Amino acid sequence: MTATETLKHLYLHREMRAKELKEEGLKVVGYFCCLVPEEIFSAFGLVPFRLQGSQRDVIDRADAYIEPMACPFARSCFNRALKGEYDFLDAFVAPHSCDTIDRIYSIWFHNHPADFNHLLNVPHMRERGAVDFFRAELAYLIKGLEEWTGRPINEEKLRSAIHLSNRKRNLLRELYEMRKHNPPPVSGAEVMEVMVAGMGLPVAEYVELLERYLEEVRWRKVGGPPEPRLFIWGNEIDDSAFIQLIEESGAMVVMDDLCTGSRSFWHEVPETADPLMDIAQRYLSIPCPRSNFTLTGNRKQDLENRFGYIGEFVEAWKVDGAIFYIIRYCDTCELEGPDLRDYLKEKGIPVLMLEDDYSLVTIGQLRTRIQAFLEMIGEVV
Amino acid sequence: MGEKDQIKTTAVKGTQTARLIREMVKNIYRSAHEAKEQGKKVAYFMVASQYDEIVRAMDVVPIPTENYAGLCAAKRDMDRFLLKAEEDGYSQVLCSYARIGLGFDSLRKELGGIPENAPDGGMPEPDMMLGSSAVCDPRFKWYQAAGRYLNVPTYSIDVVAPPVQAELKEVRDYYIRYQEEQFRGLVEFLERQTGKKLDEDRLWETIKLGDEAWRLWYEIDRLRVAVPSPMPAQDHFSIMVAGHYYCGTEMAVNFYKQLYEEVKYKVENGLGVIPEEKYRLLYGGGLPPWHTLWIFNYFESFGAVFVIENVYRGYDPVEVPSHVRDPIKYLAWRAFLRFTQRHEEAKKNSGHQVVERLLKLIRDYKIDGVVFHACRSCRATTVGQIHMKNLLGRYTDVPMMQLVSDMVDLRDYSEAQWKAQIGAFIDALKARS
């Protein structure tokens, strides 16, 4: 199998590799969001498995445990747990990333606990003491894992894990760099699948696959008529269907700021004398809307502080338009969206802001709006 | 249900003291306007952020933006603000407090002044905004977003609490240290904004007043274990104004002293909220339906009284160790102790600190039924209610019900549905009695 085929296979059978490794005697840790450092799990020799929902299945069991006005992604993940689809997890770690994930930790813990369960408190602020606090929280998680696994870890193991994850980040950035080409050698949907494929296997295996995959992509011949180049912003997209819908409508998704996309790997962990501090710093600097940037200067400067990196993305990737995919009931994204729209409009980037229920049924209904948006861009481009 | 249709009634015997609250609410916004005229600093602020006494000690006049949203709903004047925020791009499922606040700010900017006939004179433009991560995420994101309409300095702090499963001995020091640093950051910000240094004696004074108000409020609630209930939930949703919007002031302490005396008198003389108290209810959680507070009277028309609530007074008084001599450290300790006061009990029993509190309330207040209010736009107080109901059900067999609407957005409310649900709930209470 080529690496491209293997990644596709892993995307379609997301739990397969983690289950195989469990059969071989390894332990699997399920965790939410990109705010939980995978390096810590790697250092313990645990298989990190980023929890995913299913946009294809209806949420049919979770209603007895969690309100419908909660994030449908989180509800879907728990629905899968209730159906036994996450029974292969040995540990469950949730960050206090947002109100719903915080609440779902308790619901999960009481109704479908793993052998080891942990809530990681992630500060919302980034200044004064936040990194020290987060470092202490990570040390507390490590202590819990040491007790649970019966194995201590040392700084050397953490350093190797950081090094490995940084290698992964480098490779993914290389992949994203290729998307600067016009047309890019990989579609947005394929990139999404490659990202999701890497969420359920040891980092070392993913690194090896990515190295081979990038070689394969390098030899691809691409061509075709020019199409509008789009940037996607939002939260959890772990199915390629939405991106596919956009690309079938006549556009290319060339860049993103999603917690399953660039947000999850863009910045490296610095490699200094205090690896835990390095991890704390890096993860707190992830630009998730749930984290706060203290206001400095006027409105214009504030938007630049918060979204400057997106400004760089749209410029470097020559983006013609942006689509926001906001999962309904995500308060932080709902509050961030209009600000980011203002910022991008100022840069001349048209924005389509969509709110959705994290379901293929509802995604299909977005087709007309996407087509109208692309027509509008097409007239401008 | 009974043969005849139950109708709206007014509260039969609420407290007289609670009626003073209306004037105190008006005073919040009047004082803010006056302060602006006098050149004093005025701040948008979030209640229960544990920083109230600091704000008071710095003589910054607070404008509680969430309260303003509730006020608009109580006066049924919220639609123009909600719709304005939605027109500006905010989702219809976003926190409706935030939508009202943002819509109000948007309109004020557009009109160049307070929107016409805004409830209680409206909110003046603040000199600063003070957000926090206490309770929910929108409480700092909202003020960040409000930067679209207000060019004022904004500062938010983290307010942290460990999960029940954490070993408190192991996490306490770094939680308190971080909380203290967060408060110190706020103090520095306020010092820059006001141009004056924090007076620690003055801070001790406001802390003493804040603690005393909350102790009295706790004592009042303890009096409410009496049968018949001396004070209804409608009063609770009024009198919380003193504890939250006047925390750290003499006014709050004096108010609760007066209320304490009245409630005590009612208890001693057996004066209940309604003539015949058949069912004693616990308001299990969720923000109240500010748009339809008469619904509590509707319950009373069936002989059902809400005797205690699990919202707004979320913690009992705590004892900060005497070695803590610094007021900022004191506030950090107090926050930690407040948030963790039921952790150890919960660990031994239900594993959930709020469930633990509810179980205690059910026992102490001789509760016959529990009602939750789910708000479509409030994740923080809504998500987890079903879970709590499920956990409670493992320890008690009292009937429980979840009503669904929103704290301020009337579009999420259906009177017919509520009446049908309440009717069935009353039947369940009847069947048990």
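Everything numeric in this text was worked out from a predicted model, so none of it was measured. Each residue is numbered by its place in its chain's sequence as written, counting from 1. Throughout, the order in which chains and ligands are written sets their labels, letters from A for the former and numbers from 1 for the latter. Residues qualify for local features only when their pLDDT is at least 70, as the model is predicted, and side-chain atom pairs are given and counted only at 80 or more; totals for whole chains, interfaces and linings, by contrast, use all residues. The side-chain figures draw on all heavy atoms in the structure; neither hydrogens nor water molecules are used.

**A look at the overall build of chain B**
Keep this limit in mind: Secondary structure is summarised from DSSP: a helix means a run of H or I of at least four residues, a strand means a run of E of at least two, and numbering begins at the N terminus for each. The rule is simple: take the accessible area with a 1.4 Å probe, protein chains only, and divide by the maximum for that residue type; under 20% is buried, over 50% is exposed, in between is partly exposed. In this charge count, Lys and Arg are treated as positive and Asp and Glu as negative; neither His nor the chain ends contribute. Note on charges: their place is set at NZ of Lys, CZ of Arg, CG of Asp or CD of Glu.
A count of helices and strands for chain B gives 17 helices and eight strands. In terms of overall dimensions, chain B has C-alpha extents of about 65 × 55 × 40 Å along its principal axes. Burial statistics for chain B: of 433 residues in total, 64% are counted as buried. Separation between the mean location of the 58 positive side-chain charges and that of the 60 negative ones in chain B comes to 2 Å.

**With respect to helix H3 (residues 65-74) of chain B**
All names here are of chain B. Burial runs high along H3: nine of the ten residues are buried. Among the residues of H3, those classed as buried are Thr-65, Glu-66, Asn-67, Tyr-68, Ala-69, Gly-70, Leu-71, Cys-72 and Ala-73. Note on H3: the residue one or two positions beyond its end, Arg-76, has a positive phi of about 55 degrees.

**A word on the sheet that holds strand E6 (residues 252-257) of chain A**
All names here are of chain A. So the rule is basically this: By definition, two strands form a pair when at least two bridges between them are found by DSSP. Orientation is described by axes fitted as lines to C-alpha atoms, over the contacting stretch for helices, and by angles from 0 to 180 degrees between their N-to-C directions.
The four strands lie next to each other as E6-E5-E7-E8, forming an open sheet whose pairing is parallel. Unpaired on one side and paired on the other, E6 and strand E8 (351-356) mark the two borders of the sheet. The sheet shows a mean angle of 25 degrees between the axes of neighbouring strands, direction not considered. In this sheet, strand E7 (residues 321-327) lies alongside strand E5 (residues 229-234) in parallel orientation, the contact comprising five bridges. Along E7, the bridge assignment pairs Leu-230 with Gly-321.

**As for the nonpolar core**
Here is the rule: Here, the term nonpolar core denotes a set of buried Ala, Val, Leu, Ile, Met, Phe, Trp, Tyr and Cys residues that are joined through side-chain atoms within 4.5 Å.
Core analysis: the biggest nonpolar cluster contains 178 residues, and Ile-54 and Phe-299 of chain B have the highest contact counts within it. Counting 105 residues, the second largest nonpolar core, distinct from the first, contains Leu-7, Met-178, Phe-242 and Cys-333 of chain A.

**Observations regarding the pattern of salt bridges**
Selection rule: Salt bridges are defined by distance alone: a side-chain nitrogen of Lys or Arg within 4 Å of a carboxyl oxygen of Asp or Glu.
Taken as a whole and assessed by the stated rule, the structure comprises 76 salt bridges over all chains. Arg-379 of chain B is the partner of Asp-331 of chain A in a salt bridge, and the nearest nitrogen-oxygen pair spans 2.8 Å. Taken together, the residues Asp-331 of chain A in helix H13 (residues 331-346) and Arg-379 of chain B in helix H15 (residues 379-382) connect one chain to another. The burial state of Asp-331 of chain A is the same as that of Arg-379 of chain B; both residues are buried. For Glu-219 of chain B, the salt bridge goes to Arg-215 of chain B, with nearest N and O atoms at 3.8 Å. Taken together, the residues Glu-219 of chain B and Arg-215 of chain B, both in helix H8 (residues 200-223) and four residues apart, mark about one turn of the helix. One connected set of salt bridges, linked through shared partners, spans Arg-299, Asp-302, Arg-306, Glu-336, Asp-339 and Asp-342 of chain A together with Lys-141 and Arg-148 of chain B.

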